[in-house]
Amino acid sequence: MTTEQPTPVAATTDAAAPGGRAATGTPLVHLAGVNKHFGALHVLNDIDLDVARGEVVVVIGPSGSGKSTLCRAINRLETIDSGVIELDGEPLPAEGKALARLRSDVGMVFQSFNLFAHKTILENVTLGPIKVRRVKPQQAKEEAMALLERVGVANQAEKMPAQLSGGQQQRVAIARALAMKPKVILFDEPTSALDPEMVNEVLDVMISLAREGMTMIVVTHEMGFARKAADRVVFMSDGQIVEQADPETFFTNPQSARARDFLGKILSH
């Protein structure tokens, strides 16, 4: 019995990004030799990954493969045991003001929305720019309203999160991330808590962001989104990147038995 080895990680620096976009200079997100354990469980196993500016990378794989931990490690919501993570050429700070600055450059959209329940929709979107970016309140409000319009919920601005549907709340969460003018947005299974009829309204916003050139790392089970919006699909299993390719190649001709098995199970339903 032979052990299948993960395919080598393709470098994106000074080369063409898989989706055809030019990737020049330093990758925006760089991971090298990243390891993370939860007790005896090796959840990230020697992860190497570069993400270029303007690239949309979709991370897929079975439950427990390390996808969400990878996403959370990039803005240090999870610490790592070893390895290097850099954003725009700078190592991830350990703590303090430098870490706060980094987090303002890395937007995050969670599975469970994470809106402030006691603040209005408009307040949720303006809070970060006012408190962290020191944007004047009136400017923050104008920019927030433009973003809420962009994601289709401007008419909900004065409501509280509990008054909105799950799909509307997640679109607000995307507007909140965009309000910080981040260099990259991380999406950690952004549609998995939504009713099926709400999924597309969130994915449509994400697809439009991708087409506008936003750098995105998306952990998702939505294969349609991966096919339509990704420049590169990264397949993880057992804490490792097993293979990665452009969507057409990955979905029509996966190279590893693990990816073929995974796709066989999810695409047959």
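- You'll find the chain entered in an unreviewed UniProt entry as ABC-type polar-amino-acid transporter, with Salana multivorans given as the organism.
- Turning to the chain, the UniProt record has this under Catalytic activity (unreviewed entry): "a polar amino acid(out) + ATP + H2O = a polar amino acid(in) + ADP + phosphate + H(+)".
- Under the UniProt heading Sequence similarities (unreviewed entry), the note attached to the chain is "Belongs to the ABC transporter superfamily."

**Side note on the sheet that holds strand 4 (residues 41-51)**
Two strands in a sheet stick together by hydrogen bonds in their backbones, pointing the same way (parallel) or opposite ways (antiparallel).
Alright, step 1. Taking strand neighbours across the sheet as the criterion, the 4 strands line up as 4-3-6-7 in an open arrangement whose pairing is antiparallel. A single partner strand is all that each edge strand has here, and the edge strands are strand 4 and strand 7 (90-91).
Alright, step 2. Across the sheet, helix 1 (residues 67-74) is in contact with strand 3 (29-38), strand 4 and strand 6 (82-87); its angle to strand 4 comes to roughly 60°.

**Comments concerning the pattern of salt bridges**
Any two side chains of opposite charge can pair, given that their charged atoms come close.
Alright, step 1. According to the stated counting rule, one finds 12 salt bridges in the structure shown.
Alright, step 2. Glutamate 78 is the salt-bridge partner of arginine 72, the closest N and O atoms lying 3.7 Å from each other.
Alright, step 3. With its nearest N and O atoms 3.2 Å apart, the salt bridge here joins lysine 265 to aspartate 261. Taken as a pair, lysine 265 and aspartate 261 lie in helix 9 (residues 257-267) at a separation of 4 residues, close to a single helical turn.
Alright, step 4. Residues participating in the shared-partner salt-bridge network are Arg53, Asp88, Asp105, Arg133 and Lys183.

**Re the layout of surface pockets**
Alright, step 1. Here the largest pocket is characterised by a volume of approximately 660 Å³.
Alright, step 2. At the level of secondary structure, the elements contributing two or more residues to the lining of the largest pocket comprise helix 2 (96-105), strand 8 (106-109), helix 3 (121-131) and helix 5 (166-179).
Alright, step 3. The leading source of residues in the lining of the largest pocket is helix 2, at 5 residues.
Alright, step 4. In terms of residue class, the lining of the largest pocket is built from 13 nonpolar, 6 polar and 4 charged.

**Digging into helix 5**
Alright, step 1. Relative to the 20 Å expected for 14 residues at 1.5 Å per residue, helix 5 spans 20 Å between its end C-alpha atoms, a close match to the ideal helical length.
Alright, step 2. Most of helix 5 is tucked away, with 14 of its 14 residues classed as buried.

**Some thoughts on the sheet that holds strand 5 (residues 56-60)**
Alright, step 1. As summarised here, the arrangement of the 6 strands in space is 8-9-10-5-11-12, forming an open sheet in which the pairing is mixed. The open sheet has two edge strands, strand 8 and strand 12 (240-245), and neither has a second partner. For this sheet, the mean inter-axis angle between neighbouring strands, taken without regard to orientation, is 20°.
Alright, step 2. Sheet analysis places strand 9 (residues 184-188) next to strand 10 (residues 216-219), joined by 4 bridges and oriented parallel.

**Remarks on the packing of helix 4 (residues 137-150) against helix 5**
Alright, step 1. Relative to each other, helix 4 and helix 5 sit at 140°, their axes nearing to 9 Å. If you check the angle between helix 4 and helix 5, you find them oblique. Viewed along their axes, helix 4 and helix 5 form a crossing whose handedness is right-handed. Counting all contacts with helix 4, which are made through Leu147, Leu148 and Arg150, the residues of helix 5 involved are Val172, Ala175, Leu178 and Ala179.

**A short note on the pairing of strand 6**
Alright, step 1. Pairing of strand 3 with strand 6 involves 5 bridges; the strand directions are antiparallel. Residue pairing across strands places leucine 31 opposite isoleucine 85, the latter belonging to strand 6.
Alright, step 2. Judged from the 2 bridges that link them, strand 6 and strand 7 form a sheet pairing that is antiparallel. Within the sheet, the bridge partner assigned to leucine 87 lies in strand 7 and is glutamate 90.
Alright, step 3. The turn linking strand 6 back onto strand 7 is made up of 2 residues, and aspartate 88 within it adopts a positive phi angle of 55°.

Scoring rules and cut-offs
- Residues numbered from 1 in each chain as written.
- Predicted model: local features only at pLDDT ≥ 70, side-chain atom pairs only at ≥ 80, totals over all residues.
- Heavy atoms only, no water.
- UniProt positions renumbered as here; feature names shortened; annotations may be inferred.
- Pairing = 2+ DSSP bridges.
- Helix = DSSP H or I, 4+ residues; strand = E, 2+ residues; numbered from the N terminus.
- Contact = heavy atoms within 4.5 Å.
- Axes fitted to C-alpha atoms, helices over the stretch in contact; angles between N-to-C directions.
- Salt bridge = Lys/Arg side-chain N within 4 Å of Asp/Glu carboxyl O.
- 1 Å grid on protein atoms, 1.4 Å probe; cavity = no way out; pocket = protein on both sides within 12 Å on 5 of 7 lines; lining within 4 Å.
- Points joined across faces, edges and corners; volume = space filled by probe spheres on them.
- Nonpolar A, V, L, I, M, F, W, Y, C, P; charged D, E, K, R; others polar.
- Expected span 1.5 Å × (residues − 1).
- Buried < 20%, exposed > 50% of the residue type's maximum accessible area, 1.4 Å probe, protein only.
- Parallel < 35°, antiparallel > 145°, perpendicular 65-115°, else oblique.
- Left-handed = near helix turned anticlockwise from the far one by under 90°.

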